[in-house]
Amino acid sequence: MNNLFILVRAELAEALKEYKFIWLTLFFSTLGVTQPLINKYMDVILNHIGDTAGIVIDPNRQVPNATDVFLSTISGQFNQIGLIILIISFMGLIATDRNSGMQDFILTRPVSLYSYLYSKLIGHWLISMFSISVGVLVSYLYTVYLFGTFSFLKLLGFLVLYSLWILYLISLVILISTFVKNQILIAILTITFAFFWIFTKNFSHALSQIVPAKILTLAEHQLLDLHELNYVSVFICLMLTVLNISWAGAKFNKF
Amino acid sequence: MNTDVTVLLEIDWHQIFPLILPILLFNFLLIGIALLDWFKRKKHIAAPYVWLVVIVCMQTVGPIAYLIVGRRVIRDDHN
């Protein structure tokens, strides 16, 4: 347990030295600010920038409320370009250690393999959740300022469930890192898998129950006024995360 | 592509400016961090001036690409 704590702290110190906290936070804040502004000023932008002869925006269209705008920020920005950049920033998390020999150095000490893998998981989860939380908070302030208010408690519920999805993603990167050596390939495979899960979560009702991305639906439902939410996907997501790490550990032990 | 610049003058900048200010600020901060790091590592990384152009000219993506990839690719001194 003590080893795990030390390794997590080393991970965070490394991220701090690489300015990862700062630029990832800036990136997610930019994403969070952009979407509400685009939603608010769409007609101004279209009028002034594009060749808009003949294009009319329906003057009677429904004005989106704050929750809709926030959800479009999440599904349109954070889950697409945000997810890609996040995974690209994680692609070296095992591979760099292996290439520099740091992995052999750590694993020949009295450190268990699982505390090494879990330190990677927890360390990168803390880094990404710090950045995403700041980004979501900035987005929340903008959305509330431009479109009207929604409950902050709901936002916290959303953030907690969303963090589980990020946890699953990092475990996926760790698992794929044990099979593939090339960093770029790791990133591409993980992004493909992540988008595949996001795609299948709306595919069929029965299948979507066991898909890890189902937790995104649950997280988004936190913001809407829905009852009878199905919390099974929390357990499924956590279980798959632990399963990924165990599989990665078993693969490591074979060498 | 629409190259008529006069429409930009018609936008009510006073109304929009405080709202887009954070985007500009975040962008410049990102470029600043990347430049700071580039300046420290100029002697060690491969193709430093290519990365300088990438950082300065490409919005948002450039600095991030440098911070993820560029700073890790070290120049090979044997060649």
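Residues numbered from 1 in each chain as written. Chains lettered and ligands numbered in written order. Predicted model: local features only at pLDDT ≥ 70, side-chain atom pairs only at ≥ 80, totals over all residues.

Caption draft 1: Representation of the UniProt feature "transmembrane region" (unreviewed entry) in chain A. Sites flagged by UniProt as "transmembrane region" (unreviewed entry) map to residues 21–38, 78–96, 117–143, 155–176, 183–200 and 231–250 of chain A. Measuring from the first to the last C-alpha atom of residues 21–38 of chain A gives 26 Å, for a span that is 100% helix and 0% strand. (UniProt positions renumbered as here; feature names shortened; annotations may be inferred. Helix = DSSP H or I, 4+ residues; strand = E, 2+ residues; numbered from the N terminus.)

Caption draft 2: Region of the structure containing the UniProt feature "transmembrane region" (unreviewed entry) in chain B. All names here are of chain B. The sites that UniProt annotates as "transmembrane region" (unreviewed entry) are residues 16–36 and 48–69. Secondary structure across residues 16–36 comprises 100% helix and 0% strand; the distance between its end C-alpha atoms is 30 Å. For the annotated span residues 48–69, helix accounts for 86% and strand for 0% of the residues, and the straight-line distance between the end C-alpha atoms is 12 Å.

Caption draft 3: Focus on the nonpolar core. Residue and element names in this part refer to chain A. Residues I87, W165, V173 and I215 are the most contacted members of the largest nonpolar core, which totals 66 residues. Element by element, the count of residues in this core is highest for helix α8 (residues 152–179), at 15 residues. Here V173 is in contact with I87, F90, M91, L93, I186 and T190, once residues within four sequence places are set aside. (Core = buried A, V, L, I, M, F, W, Y, C linked by C-beta atoms within 7 Å. Buried ≥ 20, exposed ≤ 12 C-beta atoms within 10 Å, placed from the backbone. Contact = placed C-beta atoms within 7 Å.)

Caption draft 4: Representation of the packing of helix α7 (residues 113–147) of chain A against α8 of chain A within the structure. Residues and elements named next belong to chain A. As a packed pair, α7 and α8 sit with axes 9 Å apart at the nearest point and diverge in direction by 140 degrees. Considered as vectors, α7 and α8 are oriented oblique to each other. Every pair of crossing elements has a handedness; the one defined by α7 and α8 is right-handed. Contacts between α7 and α8 pair L117, K120, L121, H124, W125, S128, M129, I132, S133, V136 and Y140 from the former with L155, L159, S163, I166, L167, I170, S171 and I174 from the latter. Taken together, the residues of the contact of α7 with α8 break down into 13 nonpolar, five polar and one charged. (Axes fitted to C-alpha atoms, helices over the stretch in contact; angles between N-to-C directions. Parallel < 35°, antiparallel > 145°, perpendicular 65-115°, else oblique. Left-handed = near helix turned anticlockwise from the far one by under 90°. Nonpolar A, V, L, I, M, F, W, Y, C, P; charged D, E, K, R; others polar.)

Caption draft 5: Seen up close, the packing of helix α1 (residues 2–17) of chain A against α7 of chain A. All names here are of chain A. For the pair α1 and α7, interaxial distance at closest approach is 8 Å and the crossing angle is 45 degrees. Taken as axis vectors, α1 and α7 run oblique relative to one another. Crossing angle aside, the handedness with which α1 passes α7 is right-handed. Contacts from N3, L4, L7, V8, E11, L12 and A15 of α1 reach α7 at S115, Y116, Y118, S119, K120, I122, G123, H124, L126 and I127. Here the contact of α1 with α7 is built from residues that sort into ten nonpolar, five polar and two charged.

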